[in-house]
Structure formats: structure tokens, C-alpha cells
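Structural overview
One letter stands for each residue in the lines below.
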Amino acid sequence: MKQLIVTADDFGYSKYTNEAIIHCFRKGIITSTSLLVNTKYFDESIKLLKRNRNLDVGIHVNLTEFKPLTKSPSLVDKNYNFIDKTEWFNGYYKYVSKHEIEKEIEAQLLKAFSSGLKITHINGHNHIHIFPKVIDVV
């Protein structure tokens, strides 16, 4: 049997993003979502996902928005937010610490796994997975 998987990234980005993704899932438009774990909507996101158990959930590894879960000086700006995706694509990826990437991704994975959700996949927010140091870690 062939099956089409339609994934909506950015679950946890905002209350409205979560509502839109759940709406699309309930209407049969999407079958899967990818969860950002380093946002202030994480706890709310987990509650929604547990009420919608048939929605496949993956981890949306994030190194470009909001604050990291770890102390990672090479990954953050002066406000301790992740370096913006534009900077990554303009070559900043060459200067980040692979060790800090590894610690941050591990922290995000552990946080997602500790939620009790069945995690089905992993992907990267803002295509962060395409950079050599990131793909090596993942």
C-alpha cells in the first residue's frame, strides 16, 4: 500500500502555528509534524500532541531561532539567542563549535524523548542540517 506523508514543520513555534497544524491534521491534510523543543510553547505543544496521538511527531532540530538549551557561546548572539539563519548561510557555520552543536542537538533530542512522545523522525529547522558540522553530528 502506498502512503503519502505530509509533514508540517515548526510545531511549537507559536500558539497559532500549533493550532493550524492540529487543524490540518484533523482535516486529513497532514500526517506528520516536526517539533521545535526550545520554544516557550513546548509544554503546550506536548499536551496537544498527546491529545492527537495519531499525528506522527519528529524532532525539528533548531540552531537558528530562540535560545539554546545549552551554554553554547559560538552558537549565540549578544542576546543569547541563536545566530540567525542568514548568518549561517553567509558563512558563519564555518566558525561554530562542532562540540557545541553536538551538545545542543543532544539536549534537544533528550528533551523531546523525555516528553513521552513516540518520535518518528528528525529534520532540521531552516535547513540547518545541510551544513557539514551539523550533518556530521546528526
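Numbering of residues starts from 1 in each chain and follows the order in which that chain's sequence is written. Restriction of local features to residues with pLDDT of at least 70 applies here, the model being predicted, together with a cutoff of 80 or more for giving and counting side-chain atom pairs; totals for whole chains, interfaces and linings are based on all residues. Side-chain figures throughout are based on the complete set of non-hydrogen atoms in the structure, without hydrogens or water.

Considerations on the environment of methionine 1
Position of methionine 1 among the secondary structure elements: in the segment before strand E1 (7–11). Methionine 1 sits 116 residues away from leucine 117 along the chain, and the two C-alpha atoms are 26 Å apart. Helix and strand labels come from DSSP, where a helix needs a run of H or I of at least four residues and a strand needs a run of E of at least two; each type is numbered from the N terminus.

Some remarks on helix H4 (residues 98–114)
Look at H4: 24 Å from first C-alpha to last across 17 residues, which is about the 24 Å you get at 1.5 Å a residue. Relative accessibility thresholds used throughout: buried, under 20% of the residue-type maximum; exposed, over 50%; partly exposed, between the two (1.4 Å probe, protein chains only). All of the buried residues in H4 are Glu100, Ile101, Glu104, Ile105, Ala107, Gln108 and Ala112. All buried residues of H4 project into a common sector of 155° when viewed along the axis, lining one side. Away from its buried face, by an angle of more than 90 degrees, H4 presents the exposed residues His99, Leu110 and Ser114. In the analysis that follows, any N or O atom pair within 3.5 Å is treated as a polar contact, provided that within protein one partner can donate a hydrogen and the other can accept it, and provided that, for residues neighboring in sequence, both atoms belong to side chains. N-cap assignment for H4: the residue whose side-chain oxygen lies 3.3 Å from the backbone N of histidine 99 is serine 97. Glycine 116 lies just past H4 and shows a positive phi near 90°. Take the number of residues in a helix, subtract one, and multiply by 1.5 Å to get its expected span. Starting at the helix axis, one direction is taken to each C-beta atom, and the arc is that of these directions.

Concerning the sheet that holds strand E2 (residues 32–35)
In this scheme, strands are said to pair when DSSP sees at least two bridges between them. Here four strands make up an open sheet; going across it, the order is E1-E2-E3-E4 and the pairing parallel. A single partner strand is all that each edge strand has here, and the edge strands are E1 and strand E4 (119–124). Ignoring strand direction, the axes of neighbouring strands in this sheet form an average angle of 30°. Relative to strand E3 (residues 56–61), E2 runs parallel, the two sharing four bridges. To get an axis, a line is fitted to the C-alpha atoms, and for a helix only the part in contact is used. The angle between two axes follows their N-to-C directions and goes from 0 to 180 degrees.

Some details on the pairing of E1
The pairing of E1 with E2 spans three bridges and is parallel. In the strand pairing of E2, phenylalanine 11 is matched with leucine 35. Orient the strands so they point away from the viewer, and a crossover whose first-strand-to-second-strand path over the helix runs clockwise is right-handed. Each parallel crossover has a hand, and the one from E1 via helix H1 (residues 15–26) to E2 is right-handed.

So, the packing of aromatic side chains
In this analysis, rings of Phe, Tyr and Trp, with Trp reduced to its six-membered ring, are considered paired at centre separations within 6.5 Å, and the interplanar angle assigns stacked below 30 degrees, edge-to-face beyond 60, and tilted for intermediate values. In total, this model carries five aromatic pairs according to the counting rule given. Ring plane angle 65° and centroid distance 5.2 Å describe the contact between tyrosine 13 and phenylalanine 66, whose orientation is recorded as edge-to-face. Of this pair, tyrosine 13 sits in the loop between E1 and H1 while phenylalanine 66 sits in the loop between E3 and helix H3 (85–89), and the two are 53 residues apart along the sequence. Here tyrosine 13 falls in the partly exposed class, since its relative accessible area comes to 30%. Summarising the aromatic geometry, the rings of phenylalanine 89 and phenylalanine 131 are spaced 5.0 Å apart at their centres and angled 65° between planes, so their arrangement reads as edge-to-face. Of this pair, phenylalanine 89 sits in helix H3 while phenylalanine 131 sits in the loop between E4 and helix H5 (132–137), and the two are 42 residues apart along the sequence. Taking the relative accessible area as the measure of exposure, phenylalanine 89 reaches 42% and is therefore partly exposed. Its relative accessible area of 6% is what places phenylalanine 131 among the buried residues. Connected via pairs of aromatic rings, a cluster forms that spans Trp88, Phe89, Tyr93 and Phe131. A cation over an aromatic ring shows up here: lysine 111 above the ring of phenylalanine 42, its NZ or CZ 4.5 Å from the ring centre. Here, a charge over a ring means that NZ of Lys or CZ of Arg falls within 6 Å of the ring centre while also lying within 35 degrees of the ring normal.

Treat this as a map of the structure, not an account of what it does.
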